[in-house]
Amino acid sequence: GAVVSQHPSWVICKSGTSVKIECRSLDFQATTMFWYRQFPKQSLMLMATSNEGSKATYEQGVEKDKFLINHASLTLSTLTVTSAHPEDSSFYICSASTGWRERGETQYFGPGTRLLVL
Amino acid sequence: GQNIDQPTEMTATEGAIVQINCTYQTSGFNGLFWYQQHAGEAPTFLSYNVLDGLEEKGRFSSFLSRSKGYSYLLLKELQMKDSASYLCAALSGGYQKVTFGIGTKLQVIP
């Protein structure tokens, strides 16, 4: 149980194009989804927190107009990198959470999407 | 603000025990995670501590002291496959925001 998928796992695109990454919770309903970015040899940095049916909350320094997040259902959140540039090349990871303050509750991570912008 | 510190690299011998320390300063602290991450892969959950004390799960144990803002991950009977990065992460706030440390890259040698 508690499986989170991401699609695509790899994407290579030209500078200036937009890329959409999907994050799905396959066997549970995720009230909250998180999007992280990880550059080589660095830790995961939270980009935004997404609650179903409401606007995402972005971390300081993350451009909400560049990284569009849609959480249309309890099992799907999408991250769109608009007008991607080479500096956006990174490992994007989503995680899904089932609720609040549960003892031992974890965030379930997707396998990640590696984005390379040429 | 949120601040999490852990060593960047450690080396240990196969079959030995290693302790990875983590100190944190976060507001609205709820609990402390440890994750394992192999290169190029997403993190996998190891443990979650809310209360002070030691929690044991097979070869892995995790300790938390809330008053000291301190945690450690203890790995026993090290195996070569344990070579990975170990991420300390603090859970805070009502929306379960998780702040990650930079990770400790553990190398297990024969």
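Up top is the structure.
These lines cover the structure that appears in this document, whether it is placed above or below. (Residues numbered from 1 in each chain as written. Chains lettered and ligands numbered in written order. Predicted model: local features only at pLDDT ≥ 70, side-chain atom pairs only at ≥ 80, totals over all residues. Heavy atoms only, no water.)

Turning our attention to the environment of B:Lys76. All names here are of chain B. Turning to its location among the elements, Lys-76 is positioned in the loop between β8 (70-75) and β9 (84-92). On a C-alpha basis, the gap between Lys-76 and Ile-17 in space is 4.4 Å, while along the polypeptide they are 59 residues apart. Setting aside residues up to four positions removed in sequence, Lys-76 forms contacts with Ala-16, Ile-17, Glu-56, Arg-59 and Ser-61. (Helix = DSSP H or I, 4+ residues; strand = E, 2+ residues; numbered from the N terminus. Contact = heavy atoms within 4.5 Å.)

Before going further, it helps to examine unusual backbone geometry. Residues and elements named next belong to chain A. Between His-7 and Pro-8 the backbone carries a cis peptide bond, its omega angle lying at 0 degrees. As for its placement among the helices and strands, Pro-8 is situated in the loop between β1 (4-7) and β2 (10-13). Residues other than glycine seldom take positive phi values, yet Lys-41 does so here, at roughly 60 degrees. Mapped onto the elements of the fold, Lys-41 is located in the loop between β4 (32-38) and β5 (45-51). Phi is positive for Ser-83, close to 45 degrees, though the residue is something other than glycine. Summarising the element assignment, Ser-83 is placed in the loop between β8 (76-81) and β9 (90-97).

All right, on to the sheet that holds β8(B) then. All names here are of chain B. The sheet built from five strands is open, its strands ordered β1-β3-β8-β7-β6 with antiparallel pairing. Each having just a single partner strand, β1 (3-5) and β6 (53-57) make up the two edges of the open sheet. Neighbour-to-neighbour, the strand axes of this sheet turn through a mean angle of 15 degrees, independent of strand direction. Pairing of strand β7 (residues 60-65) with β8 involves six bridges; the strand directions are antiparallel. Pairing of Leu-64 across the sheet is with Ser-71, part of β8. (Pairing = 2+ DSSP bridges. Axes fitted to C-alpha atoms, helices over the stretch in contact; angles between N-to-C directions.)

Scope: geometric values only; no functional claims are made or implied.
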